[in-house]
Amino acid sequence: MFPGSSAQNRHIAIVGVGQVGGAIAYGLILQSLASELLLVDEDIERRDGQVRDLSDVSYGHGSQTRVRPATHREAGQCDIVIITAGSKYTLGQTRVEQIHRNVSIIRSVIDAIVPFKADSILVVVSNPVDLLTSLAQKLSGLPVSQVLGSGTFLDSVRLRGMVANRLEVAANSIGMYVLGVEGDAQVVTWSAATIGSMPFRDFNPSEESLDRSELEHACRNRSKEIIRAKGSCPFGLGSVVCSICSSILLDKRNVRPISHFQPEFGCCFSMPAVLGRTGITRTIKPPMSSEEEAGITESAKALRHTIDRLQEN
Ligand SMILES: NC(=O)c1ccc[n+]([C@@H]2O[C@H](COP(=O)([O-])OP(=O)(O)OC[C@H]3O[C@@H](n4cnc5c(N)ncnc54)[C@H](O)[C@@H]3O)[C@@H](O)[C@H]2O)c1
Ligand SMILES: *[C@@H]1O[C@H](CO)[C@@H](O)[C@H](O)[C@H]1NC(C)=O
Ligand SMILES: *[C@@H]1O[C@H](CO)[C@@H](O)[C@H](O)[C@H]1NC(C)=O
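Residues numbered from 1 in each chain as written. Chains lettered and ligands numbered in written order. Predicted model: local features only at pLDDT ≥ 70, side-chain atom pairs only at ≥ 80, totals over all residues. Heavy atoms only, no water.

Looking at an unreviewed UniProt entry, the protein carries the name L-lactate dehydrogenase, with the source organism given as Purpureocillium lilacinum.

The following block contains the structure:
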């Protein structure tokens, strides 16, 4: 895709190469985005198996990306470090137990990586994504502009896809975001939505084919449905994380709904952000209805409260 030496000296590390990490790697190799892709996992056998399988993709496509196994410490020297580590053995655990477990995984991952290269961009994908991005931001020692999470990017892509199908308009002509804390509390900012550059409500005044709350629900439930059916949703997530990497390495300045530090609340959650080689170059706060704003504020305060309690322990 990028001829000549354009991928030269671009290094990406993926920490935790299970289903999701593997799908991200696959997408990155097909795009030849990096010269080197470093795979890190505490399960050495799985890591090396992924390196071999994904090297075959690289050979088969004449990709410029060389795939190799690496340590956590080496990962910290890459231009982008993606964290997809996790532990699926959460059966029978309560949500609180799961959160503690996932928090301890991100802590041990960051501990093993630091120090980061001064201009590294850290991309957190592991769940609960906004909580873990907030903790990673503190533990990594990196500036807030260099730490982000996949947040509601996939949810936004899904929502736009569903609206596109119903209105028969291309998804990339629809400006519509899911924002806030990813999960049950996420908020669709309908009041700022556009089709072309026209306000959404003017384009679709009757709202016949479009039940907003039904769409919001379908969007929130989609991960659960996919996970129930096949255990994980690696491809959807993989494609949005590849898009994040491409915006960063090629300094594209795309506006994306991604989790990043919100000074007003002292934690990370999704707001539209301009994304380039130095990370988040600015946040764009869209106009919101008072109801939308309240939804985001409430979930942000709850997230902040969880972080404070974790830090007391
Ligand atoms: N943000 C989203 O929208 C979204 C969607 C789906 C999944 N996810 C998250 O992505 C993460 C990965 O999911 P998956 O399906 O690929 O899981 P998986 O179990 O297939 O892979 C996780 C990998 O992490 C590795 N790992 C665990 N601890 C590690 C450590 N300390 N260092 C290095 N590697 C370590 C495991 O060995 C395993 O290979 C989960 O947290 C999941 O919840 C996020
Ligand atoms: C914790 O991580 C596992 C996988 O690593 C994931 O399945 C689970 O949903 C996460 N728990 C929470 C509360 O996000
Ligand atoms: C949500 O997903 C669950 C799990 O697959 C499914 O049982 C349920 O029917 C879905 N609900 C709706 C309203 O789509």
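Back to the write-up after that little detour.
Caption draft 1: How the structure looks around the nonpolar core. One finds Leu122, Leu131 and Phe269 to be the most contacted residues of the largest nonpolar core, which totals 39 residues. Listed by contribution, the elements that provide at least two residues to this core are strand S1 (11-15), strand S2 (36-40), strand S4 (80-83), helix H4 (95-113), strand S5 (121-124), helix H5 (129-140), strand S13 (267-276) and helix H10 (290-312). With seven residues, the top contributor of residues to this core is H4. The residues touching Phe269, leaving out its near neighbours within four places in the chain, are Asp130, Gly180, Val181, Ile258, Ser259, His260, Gln262, Ile296 and Ala300. Among the nonpolar cores identified, the runner-up in size contains 36 residues, and Ile24, Leu154, Cys242 and Ile258 belong to it. (Core = buried A, V, L, I, M, F, W, Y, C linked by side-chain atoms within 4.5 Å. Buried < 20%, exposed > 50% of the residue type's maximum accessible area, 1.4 Å probe, protein only. Helix = DSSP H or I, 4+ residues; strand = E, 2+ residues; numbered from the N terminus. Contact = heavy atoms within 4.5 Å.)

Caption draft 2: Structural context of the site of ligand 1. Lining the immediate environment of ligand 1, one finds 24 residues, of which Val20, Asp41, Arg46, His72 and Ser232 sit closest. Within the side chain of His72, an N or O atom sits 2.9 Å from a nitrogen atom of ligand 1. Lys88 places a polar side-chain atom, nitrogen or oxygen, 3.2 Å from an oxygen atom of ligand 1. Counting only elements with at least two residues in the shell around ligand 1, the list comes to helix H1 (19-30) and H4. Among the elements that take part in the shell around ligand 1, H4 stands out by supplying three residues, more than any other. Grouping the amino acids of the shell around ligand 1 by side-chain chemistry returns eight nonpolar, 11 polar and five charged. (Near = heavy atom within 4 Å. Polar contact = N/O pair within 3.5 Å; in protein donor to acceptor, adjacent residues only side chain to side chain. Nonpolar A, V, L, I, M, F, W, Y, C, P; charged D, E, K, R; others polar.)

Caption draft 3: Spotlight on the side chain of Ser32. Within the secondary structure, Ser32 sits in the loop between H1 and S2. Side-chain polar atoms of Ser32 contact the side chain of Ser63, separated by 3.3 Å. A distance of 3.0 Å separates the side chain of Ser32 from the backbone nitrogen of Gln64, its partner in a polar contact.

Caption draft 4: Focus on the pattern of salt bridges. Scanning the model with the defined rule gives 12 salt bridges in all. In this structure, Lys224 and Asp184 form a salt bridge, with 4.0 Å as the shortest nitrogen-oxygen distance. Of the two residues, Lys224 is situated in helix H8 (residues 212-230) and Asp184 in the loop between strand S8 (178-179) and strand S9 (187-188); the sequence distance between them amounts to 40 residues. Under the relative-accessibility criterion, Asp184 is labelled exposed at 64%. The partner of Arg253 in a salt bridge is Asp251, and the shortest N-O contact between them spans 2.9 Å. Asp251 gets classed as partly exposed once you look at its relative accessible area, which sits at 33%. Taken together, the salt bridges that share partners define one network made up of Glu36, Arg66, Arg68 and Glu74. (Salt bridge = Lys/Arg side-chain N within 4 Å of Asp/Glu carboxyl O.)

Caption draft 5: Expanded view of the environment of Ser247. Secondary-structure assignment places Ser247 in helix H9 (residues 234-249). Taking the C-alpha atoms as reference points, Ser247 and Val274, separated by 27 residues in sequence, lie 9.2 Å from one another. Ignoring any residue separated from it by four or fewer positions in sequence, one finds Ser247 in contact with Lys252, Arg253, Asn254, Arg256, Leu275, Gly276 and Arg277.

Caption draft 6: Summary view of the site of ligand 3. The full set of residues close to ligand 3 is His217, Asn221, Glu225 and Arg228. Between Asn221 and ligand 3, the recorded distance is 2.4 Å, taken from a side-chain N or O atom to an oxygen atom. Note that an oxygen atom of ligand 3 is positioned 3.3 Å from one of the side-chain N or O atoms of Arg228. For ligand 3, whose unbound accessible area comes to 360 Å², protein coverage reaches 49%. Split by residue class, the shell around ligand 3 holds no nonpolar, two polar and two charged. (Areas by Shrake-Rupley, 256 points an atom, 1.4 Å probe, with all protein chains shown as cover.)

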